[in-house]
Amino acid sequence: MLLKHFLTALLFSFAQLPFSDVQKRAVLSWAKDLGIYDVPSLKAIKQSNECIYKLISNPMQKVTSASSNIFYINDI
């Protein structure tokens, strides 16, 4: 996995700063328009995420409380 793919995947996966696919495409397009060399595609970033999840497993666990509230816990 290339470092630029990993770093871009890391940016797009921040829980405090969620990006939609449309926003991700816009950021990647903007980077290309600025002339940044070899910007990864959204598909490549998603593949990087899958590779990362396979390496560390998905640390996010869905939990439903007794009052039926749903929340997620990151077990890192």
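Figured I'd write up the structure that's included with this text. (Residues numbered from 1 in each chain as written. Predicted model: local features only at pLDDT ≥ 70, side-chain atom pairs only at ≥ 80, totals over all residues. Heavy atoms only, no water.)

1. Section: the packing of helix 2 (residues 21-33) against helix 3 (residues 42-56)
Part 1: At a minimum axis separation of 10 Å, helix 2 and helix 3 run at an interaxial angle of 120°. Touching Asp 21, Lys 24, Arg 25 and Leu 28 of helix 2 are Leu 42, Ile 45 and Lys 46, all from helix 3.
Part 2: Tallied by class, residues from the contact of helix 2 with helix 3 come to 3 nonpolar, no polar and 4 charged. (Axes fitted to C-alpha atoms, helices over the stretch in contact; angles between N-to-C directions. Helix = DSSP H or I, 4+ residues; strand = E, 2+ residues; numbered from the N terminus. Contact = heavy atoms within 4.5 Å. Nonpolar A, V, L, I, M, F, W, Y, C, P; charged D, E, K, R; others polar.)

2. Side note on the pairing of strand 1 (residues 60-64)
Part 1: The pairing of strand 1 with strand 2 (residues 70-74) spans 5 bridges and is antiparallel. Looking at strand 2, one finds that Gln 61 is bridged to Ile 73. (Pairing = 2+ DSSP bridges.)

3. A closer look at the pattern of salt bridges
Part 1: As enumerated under the stated definition, the model contains 2 salt bridges in all.
Part 2: Put simply, Lys 24 and Asp 21 hold a salt bridge, and the shortest N to O gap is 3.9 Å. With Lys 24 and Asp 21 both in helix 2 and 3 residues apart, the pair spans about one turn of that helix.
Part 3: Of the residues examined, Lys 24 reaches a relative accessible area of 13% and is grouped as buried.
Part 4: The network of salt bridges with shared partners includes Asp 21, Lys 24 and Lys 46. (Salt bridge = Lys/Arg side-chain N within 4 Å of Asp/Glu carboxyl O. Buried < 20%, exposed > 50% of the residue type's maximum accessible area, 1.4 Å probe, protein only.)

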